[in-house]
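Here is what each chain is made of, one letter per residue.
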Amino acid sequence: GGDFIVEREGSSLVARDQVKGSVRWKVGLEGELVGAAADRERAYATWHEGNRYFLAAFDGTSGSQLWKTEAEGQLGAPSAQGGLVLEPFLAQWLSLIDGKTGQHLARLRGLDQQISIVHVTSQVAYFGSKQGIMRLDSRSANGTRAASTYGEVHVPSQLDKATFGRDVYNPVEEAYTAADRARVLWASEPSEGPLKFADDGFAVHYFRYVFGFDTKGTLRWAYSNPRVELIASDHTGKAIVAGSATGEIVA
């Protein structure tokens, strides 16, 4: 969040002051947490009680509940940026929701692939599955890969556990798992056709290693982290940044 960090502690959603680390507020959830997210002003959580799924927003300062909605089917973990909440629904839809009011602004449908991965930065959002990824733009309303800003990468078979992001419907991946250590890393540039990968390439983080490829899958470079694994990574557009098991930051 803007000046707070939201985390799960047991069955509660807890906000801590970013400077001091002290608890600012705590909200108990009746069911099982699916996922949580935050933007500058608010925190958002998705959980389920049996077959009933809920999405709610909480004030980042006080923790007061601002709104709550119930879905008629399975919800995935939410993502948020700049007052917009991206909420996956039934592995086929992506709802765009006003973070301030809870109003549904739009709902996109994936016609020829599931929507099980959502990745949001301060500049762009992506959604898709292990098959490939779409950039969220005006072409997304079509719902097909061919007519959207869509891209795939050719990952070597030895690295095929790597995905574009965690499965938003799998609560196991919401906790800390090895899934964060096998990731396809990329950035894109605006385009009127297929997804244009920055520098015409991508990278794969695979445990201790990071491999750089061109879009055809040809190896450009490789990095081996000394002694310990890289436990999480991201592509910032200008650099690839990772954290190691011993707390080091590598770029």
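Each remark here, short or long, concerns the structure printed above.
Structure report, in brief. Along each chain, residues carry numbers from 1 onward, in the same order as the chain's sequence is written. Only residues with pLDDT of at least 70 get local features here, since the model is predicted, and only at 80 or more are side-chain atom pairs given and counted; chain-wide, interface and lining totals rely on the full set of residues. In computing side-chain values, all of the structure's heavy atoms are included and hydrogens and water are not.

Here we look at the overall build of the protein chain
Looking only at helices and strands, one finds one helix and 24 strands in the protein chain. C-alpha atoms define the radius of gyration in this analysis, and the globule rule sets the expected value at 2.2 Å times the number of residues to the power 0.38. A compact globule built from 251 residues would reach a C-alpha radius of gyration of about 18 Å, and the protein chain, at 18 Å, matches this within 12%. Overall size of the protein chain, expressed as C-alpha extent along the three principal axes, is 50 × 45 × 30 Å. Note on classification: 1.4 Å probe, protein chains only; a residue is buried when its accessible area is under 20% of the maximum for its type, exposed when over 50%, partly exposed between these limits. Of all 251 residues assigned to the protein chain, the portion counted as buried reaches 46%. Working rule for contacts: check all heavy atoms of both residues, and any pair within 4.5 Å makes them a contact. When contacts within the protein chain are restricted to residue pairs at least 6 apart in sequence, those whose partners lie at least 24 apart make up 36%. This count recognises Lys and Arg as positive and Asp and Glu as negative, with His and chain-terminal groups excluded. Here the site of a charge means atom NZ of a Lys, CZ of an Arg, CG of an Asp or CD of a Glu. Charged side chains of the protein chain number 26 positive and 30 negative; the gap between the two group centres comes to 2 Å. Segments assigned H or I by DSSP are reported as helices when at least four residues long, segments assigned E as strands when at least two residues long, and all are numbered from the N terminus.

Digging into the sheet that holds strand E22 (residues 230–235)
Spatial ordering of the open sheet is given by E22-E23-E24, a layout of three strands whose pairing is antiparallel. Only two strands of the sheet have a single partner each, and these edge strands are E22 and strand E24 (249–250). Note on pairing: DSSP must find at least two bridges between two strands before they are called paired. Note that strand E23 (residues 240–244) and E24 share two bridges and pair antiparallel. Pairing of Gly243 across the sheet is with Ile249, part of E24.

A few points about the nonpolar core
For our purposes a nonpolar core is just a set of buried Ala, Val, Leu, Ile, Met, Phe, Trp, Tyr and Cys residues, chained together by side-chain atoms within 4.5 Å. One finds Ile133, Phe164, Trp186, Phe202, Val204 and Tyr206 to be the most contacted residues of the largest nonpolar core, which totals 18 residues. In terms of residues, this core owes the most to one element, strand E19 (residues 201–206), which gives three residues. Beyond its immediate chain neighbours, meaning those up to four positions away, Ile133 contacts Ile117, Tyr126, Phe127, Gly128, Thr149, Tyr150, Gly151, Phe164, Trp186 and Leu195.

Some details on the side chain of Ser95
Structurally, Ser95 is set in strand E10 (residues 93–98). What makes Ser95 buried here is its relative accessible area of 2%. Pairing of N or O atoms within 3.5 Å defines a polar contact, subject to two protein rules: one partner must be a possible hydrogen donor and the other a possible acceptor, and residues neighboring in sequence count only if both atoms are side-chain atoms. Within polar-contact distance, the side chain of Ser95 engages the side chain of Arg107 at 3.1 Å. Here Ser95 is in contact with Val85, Leu86, Glu87, His104, Ala106 and Arg107, once residues within four sequence places are set aside.

Some points on the pairing of strand E1 (residues 4–9)
Consecutive side chains of a regular strand alternate in pointing toward one face of the sheet and then the other. Sheet topology places E1 next to strand E2 (residues 12–17); six bridges connect them, and they run antiparallel. Bridge pairing in E2 places Phe4 opposite Asp17. Hairpin connection from E1 to E2: two residues lie between these consecutive antiparallel strands, with Gly10 at a positive phi of about 65°.

Observations concerning the side chain of Ser191
Mapped onto the elements, Ser191 comes out in the loop between strand E17 (188–189) and strand E18 (196–197). Only 2.9 Å separates the side chain of Ser191 from the backbone oxygen of Pro194, close enough to count as a polar contact. For Ser191, the contacting residues outside a window of four places in its chain are Thr149 and Lys196.

Points about the pattern of salt bridges
Just to be clear on terms, a salt bridge is a Lys or Arg side-chain nitrogen sitting within 4 Å of an Asp or Glu carboxyl oxygen. The full count for this structure, using the stated rule, is eleven salt bridges. When the shortest N-O distance is used, the salt bridge between Asp3 and Arg24 registers 3.1 Å. Note that Asp3 is positioned in the segment before E1 and Arg24 in strand E3 (residues 23–28), a separation of 21 residues in sequence. According to the relative accessible area criterion, Arg24 is partly exposed, its value standing at 25%. The partner of Asp39 in a salt bridge is Arg42, and the shortest N-O contact between them spans 4.0 Å. Take Asp39 and Arg42: they sit in the same class, and that class is buried. Residues joined by salt bridges that share partners form a network here, namely Asp3, Asp17 and Arg24.

Just distances and angles here, no functional claims.
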